[in-house]
Amino acid sequence: MAAPNTRTANQHVISIRFRGVAVGVIQKWSPRQQRRMTPIYELNNLTSGRRVDIVPGNVEQLQIDVQRYDLFSSRMHEAFGFPAAAIHMADHLNPFDVQELWLTPSGTVIGTIYRGCWFSNIGRDYGATGDRVIMASGQLEVTDILDI
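An account of the accompanying structure is given in this report. (Residues numbered from 1 in each chain as written. Predicted model: local features only at pLDDT ≥ 70, side-chain atom pairs only at ≥ 80, totals over all residues. Heavy atoms only, no water.)

Within the protein, the secondary structure is distributed over 1 helix and 8 strands. Listing the helices and strands of the protein from first to last along the sequence gives β-β-β-β-α-β-β-β-β. Relative to a compact globule of 148 residues, whose C-alpha radius of gyration would be 15 Å, the protein shows 20 Å and is clearly more extended. Expressed along its principal axes, the backbone C-alpha trace of the protein runs to roughly 70 × 45 × 35 Å. The buried share among the 148 residues of the protein stands at 25%. Taking the contacts inside the protein whose residues are at least 6 apart along the sequence as the reference set, 59% of them involve residues at least 24 apart. Total accessible area on the protein stands at roughly 10,200 Å², and carbon and sulfur atoms take up 52% of it. (Helix = DSSP H or I, 4+ residues; strand = E, 2+ residues; numbered from the N terminus. Rg over C-alpha atoms; globule rule 2.2 N^0.38 Å. Buried < 20%, exposed > 50% of the residue type's maximum accessible area, 1.4 Å probe, protein only. Contact = heavy atoms within 4.5 Å. Areas by Shrake-Rupley, 256 points an atom, 1.4 Å probe, with all protein chains shown as cover.)

The next thing to look at is a nonpolar patch on the surface. On the surface, Ile-40, Val-52 and Val-55 cluster together into a nonpolar patch covering about 230 Å² of accessible area. Residue position: Val-55 is located in strand β4 (residues 51–69). (Patch = residues over 30% accessible without salt bridge, like charges linked within 9 Å, V, L, I, M, F, W, Y side chains within 5 Å. Salt bridge = Lys/Arg side-chain N within 4 Å of Asp/Glu carboxyl O.)

For the structure on display, the rule yields 7 aromatic pairs. Ring geometry for Phe-96 and Phe-119: centres 5.8 Å apart, planes at 40 degrees, overall tilted. Residue Phe-96 is found in strand β5 (residues 96–103), and its partner Phe-119 is found in strand β6 (residues 109–125); the two are separated by 23 residues along the sequence. Each residue in the set Phe-18, Phe-80, Phe-82, Phe-96 and Phe-119 is aromatic and connected to the rest through ring pairs, giving one cluster. (Phe/Tyr/Trp six-rings, centres within 6.5 Å; stacked < 30°, edge-to-face > 60°.)

What follows is the structure, encoded as structure tokens:
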């Protein structure tokens, strides 16, 4: 796959992989990090107590929202390494790693490993209107993020 000749990153250059195999038919991949920020306020009788600084706290959440079309040959939980019969989240007994790879126009690969992933929720949307494709959606809780 050749990367497009552009400065703007686009979705055609991204591959999401589990154990080196592309997960496929992903419609949404939204990693995010969150940490608490503590404001510091000015304390004196001549001012109104204005905010003067912000102290960042520890990273509290590493999460990924994922949506993927289900296939007859592989539903979303199977794409992430669970057996076909393991349709209950309680069957998810071990964390897994996911790779995100970007191929830049220069041919450089930028990679991220999401280590120790657990599904915190997973579900499917069925509808009688639209394209009637079964969309599986889930949220991954991530233990750590590493650059490749």
